[in-house]
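Observations on the model geometry
In case you want the letters, here they are:
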Amino acid sequence: MLHIHPFRLKPGQDLRAGIEAYVQQHQLKAAFVITCVGSLTQYHLRMADQPRGERKKGHFEIVSLAGTCSIHGSHLHLSVSNEHGTTTGGHLLNECHVYTTAEIVLGESTEHVFVRENDGTTAWEELQVKKR
């Protein structure tokens, strides 16, 4: 079964921390991003194969948010565009501050549990999908 979880983050809130707080508060075990629209005054993204994140301040439109969320860990990617429409994206880190709004809709499978474990295929804890 699928449950829908719509919520909004307000100005000044942290995008990633806000999503993770919602996931913890509602004890979501297998959620995924359906959509997110809004804006930021700062982004903090880790680009592919880089050890550290990059921060930029300004006004940015959220053009895409994708990923999986669980009380056992999340993996989220964000794309934002600046006032010229130039778009950048990467792994969502904390310290992405909401400017006007972040309208988020998560879907949740009640038949699965998402966990993050090292399965030996990479050096990272990767998504493992289990049945409830």
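What this report covers is the structure whose coordinates are included nearby.

Thresholds, definitions, all that
- Residues numbered from 1 in each chain as written.
- Predicted model: local features only at pLDDT ≥ 70, side-chain atom pairs only at ≥ 80, totals over all residues.
- Heavy atoms only, no water.
- Core = buried A, V, L, I, M, F, W, Y, C linked by side-chain atoms within 4.5 Å.
- Buried < 20%, exposed > 50% of the residue type's maximum accessible area, 1.4 Å probe, protein only.
- Helix = DSSP H or I, 4+ residues; strand = E, 2+ residues; numbered from the N terminus.
- Contact = heavy atoms within 4.5 Å.
- Arc of directions from axis to C-beta.
- Polar contact = N/O pair within 3.5 Å; in protein donor to acceptor, adjacent residues only side chain to side chain.

**Let's talk about the nonpolar core**
In this structure, Leu15, Ile19, Leu78, Ile104 and Leu106 are the most contacted members of the largest nonpolar core, which totals 27 residues. Contributions of two or more residues to this core are made by strand 1 (2–9), helix 1 (15–25), strand 2 (31–46), strand 3 (54–69), strand 4 (75–81) and strand 6 (97–109). Among the elements that make up this core, the one with the highest residue count is strand 2 (six residues). When sequence neighbours within four positions are dropped, the list of residues in contact with Ile104 reads His5, Pro6, Phe7, Leu9, Leu15, Ile19, Thr35 and Cys36.

**Quick notes on helix 1**
Looking only at helix 1, the buried set comprises Leu15, Arg16, Gly18, Ile19, Tyr22 and Val23. Down the axis of helix 1, the buried side of the element spans an arc of 165°, and every buried residue falls inside it. Buried residues along helix 1 sit against strand 1, strand 3, strand 4, strand 5 (87–92) and strand 6. N-cap assignment for helix 1: the residue whose side-chain oxygen lies 3.1 Å from the backbone N of Arg16 is Asp14. Backbone geometry just after helix 1 places Gln27 at a positive phi near 50°.

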